[in-house]
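Chain residues, written in single-letter form:
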Amino acid sequence: MKNLSARDMVLVSMFAALAAAGAIVFRWLGATLIPFSIVPFVVVLAGCILGPRLAALSMFLYMLIGLVGVPVFETAPFGTPAYVIRPTFGFIMGFIPAAYVTGRVVHGSNAPGIARYVAGTLAGTAVLYVVGLPYLYLILNFYMGQSFPVMTVLQIGFIPFVLWDIMKAVIAAGLARAVQRRLFPDSYNMQESGT
């Protein structure tokens, strides 16, 4: 991508690496079809800190690294082009627009308050499900040839995880705002003083 500074490339690579580390650390919890994951936390955190373009690029890089065969995904086979036929791959694809939407909402203001951070992370989490759940349904029903009605897909990929993901989104919002206040204190001082 054009117009990326050295700093941008480092940040994009860092968040791609954080996503990979988050997936690898939680592999031991991967006994379910859709395992508990810390990666959605990293996705919305990237959106908050990097902004829409760089956050989406970092998640695209993470996905690309896994698809070329590096074992950075959470469930077996952990990394291969064949991962696209895994039911969970839709959530990995969803990381890209989720990071973008989070960044777009949060960075729609020069000095966003905590409400905007929370709105951004919740919007990103919603996008993740909007992409991941239909993909899960399609792979289970049309590629794997099984019969999973919509309600069953929701019971597999949504209901057990949505409250955890909302909690992760809120925590990511608070952490991201604290980081941004540390990195850019002048903009927050101006906002709080009303200037």
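All values reported here derive from a predicted model rather than from experimental measurement.

(A) Here's a closer look at the side chain of T121. Locating T121 in the fold gives a position in helix 5 (residues 114–143). Non-local contacts of T121, meaning those with residues more than four positions away in its chain, are made with V44, C48, T102, A169, V170, A172 and A173.

(B) Structural context of unusual backbone geometry. Residue A76 is joined to P77 through a cis peptide bond whose omega torsion reads 10 degrees. Along the polypeptide, P77 turns up in the loop between helix 3 (52–67) and helix 4 (89–106). Here the phi dihedral of F78 falls at roughly 75 degrees; this positive angle occurs in a residue that is not glycine.

(C) The arrangement of helix 4 in detail. The end-to-end C-alpha separation of helix 4 is 26 Å, in line with the 26 Å expected for 18 residues at 1.5 Å each. Along its length, helix 4 reaches its greatest deviation from straightness, about 30 degrees, at F95, and the proline P97 lies no more than four positions downstream. The set of residues buried in helix 4 consists of F89, G90, F91, I92, G94, F95, I96, A98, A99, T102, G103 and V106. Each element contacted by the buried residues of helix 4 is listed here: helix 2 (39–50), helix 3, helix 5 and helix 6 (150–157).

(D) Quick peek at the pattern of salt bridges. Taken as a whole and assessed by the stated rule, the structure comprises one salt bridge. Of the charged contacts in the structure, one is a salt bridge between K168 and D165, with a shortest N-O distance of 2.8 Å. Taken together, the residues span about one helical turn, with K168 and D165 both in helix 7 (residues 162–183) at a distance of three residues. A single burial state applies to K168 and to D165, both of which are buried.

(E) Summary view of the environment of V106. With respect to the element layout, V106 can be found in helix 4. We classify V106 as buried; its relative accessible area is 0%. When the C-alpha positions of V106 and R116 are compared, they lie 5.6 Å apart, and in sequence the two are 10 residues distant. Apart from the residues lying within four places of it in its own chain, the contact partners of V106 are C48, P112, R116, Y117 and G120.

So, how was this worked out
- Residues numbered from 1 in each chain as written.
- Predicted model: local features only at pLDDT ≥ 70, side-chain atom pairs only at ≥ 80, totals over all residues.
- Heavy atoms only, no water.
- Helix = DSSP H or I, 4+ residues; strand = E, 2+ residues; numbered from the N terminus.
- Contact = heavy atoms within 4.5 Å.
- Expected span 1.5 Å × (residues − 1).
- Bend = angle between axes of the 7 residues up to and from the residue.
- Buried < 20%, exposed > 50% of the residue type's maximum accessible area, 1.4 Å probe, protein only.
- Salt bridge = Lys/Arg side-chain N within 4 Å of Asp/Glu carboxyl O.

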